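# Notes for the structure review
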Amino acid sequence: MLRVAMPNKGSLSESAAHMLAEAGYKRRGEGKDLTVLDQHNGVEFFFLRPKDIAIYVGNGQLDLGITGRDLAADSKGDVSELLALGFGHSTFRYAGPAGEGWDVDKLAGARIATSYPNIVRDDLAERGMEATVIRLDGAVEISIQLGVADCIADVVGSGRTLRAHGLEAFGPMLCDSEGVLIGRRGAETTTQMRQLIARLQGVVFAQQFMMLDLDCPKELLDTVTEIVPGIESPTVSPMADPNWVAVRSMVPRADMNTIMDQLSAAGAKAILASDIRSCRM
Ligand SMILES: Nc1ncnc2c1ncn2[C@@H]1O[C@H](COP(=O)(O)OP(=O)(O)OP(=O)(O)O)[C@@H](O)[C@H]1O
Ligand SMILES: O=P(O)(O)OC[C@H]1O[C@H](OP(=O)(O)OP(=O)(O)O)[C@H](O)[C@@H]1O
Ligand SMILES: [Mg+2]
């Protein structure tokens, strides 16, 4: 039985649960169950605090886990990243009261509040600087006005929380994070693990691409193929009208509208975009 750790709450939990369900695994019920047995797929899921997941996986009690790249780094768990999952994007930044000319090279001696002390300590060590790292569990942005810290290092999503507290980020990001699937560093990848990774990869891939269908006059086919080259090459099918063909191709979701504009301008008709639920490439 494969043992997999899932975030039980927080920013990553809903997306992680959704992704596993899309990949065909059993969902946790409405309650607060800490384990779910998916007999059909031979997997037992453990719902744990996202912060703890890399510890369990790094110690080998659990085979795989979904957590944040920043949380895994801060935990110092002995894990490696098997797959980036494309949700829960955030950056991890230093921030201080706006307009005070903050500079990462002048952090020596500062009091820095954070929920991710190891990421901060590692960064300071790399810069050869000594500062006081104050570990807080959350609501870090308020610590400056309460006099506990001079500046902070925290997760930045939209940036709304920083702005609301009169803070500005400074210096390069310490971590560019998203939800990730992790395994124990150096562990053998079993057939069961490979299957779960492939299924998740299929969902990640499906979320990043869309399927595009269109009709075009035969003489436009070269132009259309250049616009939608697909992964291998587009599927071209005959239509009842011998002068026309139907084309089917996968395109990156982020470029969808630009591509549709280009196809339309080139003379393609009946351009349809649809979601892909899952795939194996
Ligand atoms: N806007 C965001 N705020 C906080 N974490 C975010 C955000 N966007 C993505 N994340 C990611 O979610 C993970 C943090 O999740 P975690 O559950 O520990 O904290 P949380 O979402 O702040 O929940 P809580 O602190 O209420 O338990 C990190 O990997 C972080 O990068
Ligand atoms: O850039 P934003 O989109 O505003 O998001 C970032 C904020 O969200 C998180 O806090 P959360 O709400 O989880 O509270 P916490 O600090 O208690 O963890 C994080 O710690 C930041 O404070
Ligand atoms: Mg939080």
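By the naming in an unreviewed UniProt entry, the protein chain is ATP phosphoribosyltransferase, taken from Dietzia timorensis. Taken directly from UniProt, the Function (unreviewed entry) text for the protein chain runs: "Catalyzes the condensation of ATP and 5-phosphoribose 1-diphosphate to form N'-(5'-phosphoribosyl)-ATP (PR-ATP). Has a crucial role in the pathway because the rate of histidine biosynthesis seems to be controlled primarily by regulation of HisG enzymatic activity."

Let's shift gears to the pairing of strand β3 (residues 43–48). Here six bridges tie strand β1 (residues 2–7) to β3, and the two strands are oriented parallel to one another. Counterpart to A5 in the pairing with β3 is F46. Both strand β2 (residues 35–38) and β3 contribute to a ladder of four bridges, which runs antiparallel. For V36, the partnering residue across the bridge sits in β3 and is F45.

On to the site of ligand 2. Contacts to ligand 2 come from G138, A139, V140, E141, D154, V155, V156, G157, S158, G159, R160 and T161. Contributions of two or more residues to the shell around ligand 2 are made by β9 (151–156) and α5 (160–164). Sorting elements by how many residues they give to the shell around ligand 2 places β9 first, with three residues. The residue inventory of the shell around ligand 2, partitioned by class, reads four nonpolar, five polar and three charged.

Let us now look at the UniProt feature "domain: Histidine biosynthesis HisG C-terminal" (unreviewed entry) in the protein chain. Residues annotated in UniProt with the feature "domain: Histidine biosynthesis HisG C-terminal" (unreviewed entry) correspond here to residues 206–277. Taken end to end, residues 206–277 is 29% helix and 40% strand, and its two terminal C-alpha atoms sit 6 Å from one another.

We now examine the domain arrangement of the protein chain. Under the domain assignment, the protein chain is made up of domain 1 (2–87 + 179–187), domain 2 (90–172) and domain 3 (209–275). One C-alpha centre belongs to domain 2, the other to domain 3, and the line joining them spans 48 Å.

Leaving glycine out, the prevailing phi sign among residues is negative, and the prevailing peptide bond configuration is trans. The phi angle at K76 is positive, at roughly 65°, despite the residue not being glycine. Residue placement: K76 occurs in the loop between α3 (69–75) and β5 (79–84). A positive phi is found at A270, a non-glycine position, where the angle reads about 50°. Inspection of the secondary structure assignment puts A270 in strand β15 (residues 269–275). For A270, a count of 9 C-beta atoms within 10 Å translates into the label exposed.

This part takes up the sheet that holds strand β11 (residues 179–184). Read from one edge to the other, the open sheet built from six strands follows the order β2-β3-β1-β4-β11-β5, with strand pairing classed as mixed. Looking at which strands have only one partner, the edges of the open sheet turn out to be β2 and β5. In this sheet, neighbouring strand axes are inclined to one another by 30° on average, regardless of whether the strands run parallel or antiparallel. In this sheet, β11 lies alongside strand β4 (residues 64–68) in antiparallel orientation, the contact comprising five bridges. Note that in β11 the partner of G68 across the bridge is G179. Contacting β1, β3, β4, β5 and β11, helix α2 (residues 50–58) crosses the sheet at an angle of about 145° to β4.

In this section: the site of ligand 1. Taken together, 15 residues sit near ligand 1, with G10, S11, G68, S90 and G157 positioned nearest. Those elements that provide at least two residues to the shell around ligand 1 are α2 and α3. For the shell around ligand 1, the per-class residue count stands at four nonpolar, eight polar and three charged. The residues that make up the shell around ligand 1 include at least three from each of domain 1 (2–87 + 179–187) and domain 2 (90–172).

The rules behind the values
- Residues numbered from 1 in each chain as written.
- Chains lettered and ligands numbered in written order.
- Predicted model: local features only at pLDDT ≥ 70, side-chain atom pairs only at ≥ 80, totals over all residues.
- UniProt positions renumbered as here; feature names shortened; annotations may be inferred.
- Pairing = 2+ DSSP bridges.
- Helix = DSSP H or I, 4+ residues; strand = E, 2+ residues; numbered from the N terminus.
- Near = placed C-beta within 6 Å.
- Nonpolar A, V, L, I, M, F, W, Y, C, P; charged D, E, K, R; others polar.
- Domains from an automatic or database assignment.
- Buried ≥ 20, exposed ≤ 12 C-beta atoms within 10 Å, placed from the backbone.
- Axes fitted to C-alpha atoms, helices over the stretch in contact; angles between N-to-C directions.
- Contact = placed C-beta atoms within 7 Å.

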